[in-house]
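Single-letter residue listing:
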Amino acid sequence: MKAPQWVAILCAFHIASLALGQAEVRATVMLDRTQAGALTGRYYVKVTLENCPTARMCTFRLNLPTAYAFNNAAASANTWIVDMRAGADVETIQAGSPPTAAPVLFAEAATGTNVKGVQVVALLKAEAKNSKHVCDIVFTSRGRATLAPITFEAGSVSVKDQALNPITAPARVVRANAHFGDLNWDGGIGLNDFDAWVTAWKQGTDLPFADIAPVVSGSASQPATALSSQTPSGIGLDDFDAWVTAWKSSQ
Ligand SMILES: [Ca+2]
């Protein structure tokens, strides 16, 4: 084989390696929105399998710190999970003709020391996609997200192919929190955050992303690490003052 052919083969292999990328179970923390783009006041964790095209089964436990102060005061302990949305790449039961629309995804709430968790088992479609959407775990919170990390329970993550051979895929939480004052989580502090705050304030309900005032006045020097006031009555001027402070410090 001539040298240019070797070079071409090596280049193709290199490009293929780059395209395949690093396998991982990825959890991305996001603000929940309506289809029209309006913030609902909820949060969710989007779980995907990246670069595991042969994956057919995925199990894990995801832990969320109680620092989020889940909005469960008036209901049972597990209502902080308000929805489990199956991802588009979860298998459906082939029991009839046509198949049922029910995806094969099992989820159960769990508790631990300073955390609340959800345990998930998902069967995935036989499709060679580089990114497979497993599920969205939608949860409520009193107050904005804190810097306390969302994590996978150690040893709980398992990814397997159709023959039940394990696939090595480390678990990673991509984004656990936004910057203090960045209400819409777009990476900056600006007028759109002011609009989001006004919208939440007008709505009159306690939308947690706008309830940002630190709970302890002495912690105001580092508000990003403090819990928000989580005022049950809603959003008030203390939250607006906290946002203005964050906006000024970002200028
Ligand atoms: Ca923003």
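Residues numbered from 1 in each chain as written. Predicted model: local features only at pLDDT ≥ 70, side-chain atom pairs only at ≥ 80, totals over all residues. Heavy atoms only, no water.

Visitor: Could you clarify how one ought to interpret the nonpolar core in this entry?
Guide: Counting residues in each nonpolar core, the largest one holds 49 residues, and the members touching the most others are Val 45, Val 47, Phe 60, Leu 62, Val 134 and Phe 209. Those elements giving two or more residues to this core turn out to be strand E1 (24–33), strand E2 (39–50), strand E3 (55–65), strand E6 (115–123), strand E7 (131–139), helix H2 (191–203) and helix H3 (237–250). When residues are assigned to domains, this core turns out to be shared by domain 1 (22–175) and domain 2 (191–250), each giving three or more. Apart from the residues lying within four places of it in its own chain, the contact partners of Phe 209 are Leu 31, Leu 39, Gly 41, Tyr 43, Leu 183, Ala 196 and Ala 200. (Core = buried A, V, L, I, M, F, W, Y, C linked by side-chain atoms within 4.5 Å. Buried < 20%, exposed > 50% of the residue type's maximum accessible area, 1.4 Å probe, protein only. Helix = DSSP H or I, 4+ residues; strand = E, 2+ residues; numbered from the N terminus. Domains from an automatic or database assignment. Contact = heavy atoms within 4.5 Å.)

Visitor: Could you clarify how one ought to interpret unusual backbone geometry in this entry?
Guide: Peptide bonds are mostly trans, and most non-glycine residues show a negative phi. Positive phi, normally seen in glycine, also occurs at Asn 51, with a value near 60°. Mapped onto the elements, Asn 51 comes out in the loop between E2 and E3. Residues other than glycine seldom take positive phi values, yet Leu 164 does so here, at roughly 65°.

Visitor: Mind showing me how you'd approach the environment of Leu 207 here?
Guide: Positionally, Leu 207 belongs in the loop between H2 and H3. In sequence terms Leu 207 and Thr 40 are 167 residues apart; their C-alpha atoms lie 7.5 Å from each other. Beyond its immediate sequence surroundings of up to four residues, Leu 207 is in contact with Thr 40, Gly 41, Ala 200 and Ile 235.

Visitor: Looking at this structure, I do not really get the packing of H2 against H3. What am I missing?
Guide: Packed helices, taken two at a time, are described by the angle their axes make and the gap between the axes. Where H2 meets H3, the axes come as close as 11 Å, and the angle between the chain directions of the two elements is 175°. In terms of axis orientation, H2 runs roughly antiparallel to H3. Contacts between H2 and H3 pair Asp 193, Phe 194 and Trp 197 from the former with Asp 239, Phe 240 and Trp 243 from the latter. Here the contact of H2 with H3 is built from residues that sort into four nonpolar, no polar and two charged. (Axes fitted to C-alpha atoms, helices over the stretch in contact; angles between N-to-C directions. Parallel < 35°, antiparallel > 145°, perpendicular 65-115°, else oblique. Nonpolar A, V, L, I, M, F, W, Y, C, P; charged D, E, K, R; others polar.)

Visitor: Help me understand the coordination of the calcium ion in this model?
Guide: When a metal carries six donors in an octahedron, the ideal angles between them are 90 or 180 degrees, while four donors in a tetrahedron ideally lie at 109.5 degrees. Within the protein, the calcium ion binds to Asp 182 (OD), Asn 184 (OD1), Asp 186 (OD), Gly 188 (O), Asp 193 (OD) and Asp 193 (OD); these donor distances fall in the range 2.3 to 2.4 Å. Geometry at the calcium ion is irregular, judged from its six donor atoms and the angles of 55 to 157° they form at the metal. Positions of the donor residues of the calcium ion along the chain correspond to the pattern D-x1-N-x1-D-x1-G-x4-D. According to the relative accessible area criterion, Asp 182 is buried, its value standing at 2%. On the basis of relative accessibility, which here comes to 29%, the residue Gly 188 falls in the partly exposed class. (Donors = N, O, S within 2.8 Å, 3.2 Å for Na, K, Ca; no water. Tetrahedral: all angles 85-135°; square planar, octahedral: opposite > 155°, others 65-115°.)

Visitor: Would you mind going over the packing of aromatic side chains with me for this structure?
Guide: Here the distance between the centres and the angle between the planes together describe a pair of aromatic rings. Scanning the model with the defined rule gives eight aromatic pairs in all. Between Tyr 43 and Trp 185, the aromatic rings sit 5.9 Å apart at their centres with planes inclined by 45°, giving tilted as the arrangement. Of this pair, Tyr 43 sits in strand E2 while Trp 185 sits in the loop between strand E10 (171–175) and H2, and the two are 142 residues apart along the sequence. Taken as a pair, Tyr 43 and Trp 185 share a single burial class, namely buried. (Phe/Tyr/Trp six-rings, centres within 6.5 Å; stacked < 30°, edge-to-face > 60°.)

Visitor: What's the story with the sheet that holds E7 in this structure? I'm lost.
Guide: Note on sheets: strands pair through backbone hydrogen bonds, and any given pair is parallel or antiparallel. A sheet is described by the order of its strands in space; here five strands give the open sequence E4-E7-E2-E1-E10, paired in mixed fashion. Taken across any chain shown, the strands that pair with only one partner, and hence form the sheet edges, are strand E4 (81–86) and E10. Neighbour-to-neighbour, the strand axes of this sheet turn through a mean angle of 25°, independent of strand direction. Where E1 meets E2, nine bridges bridge the pair, whose relative direction is antiparallel. (Pairing = 2+ DSSP bridges.)

Geometric values such as these leave the question of function open.
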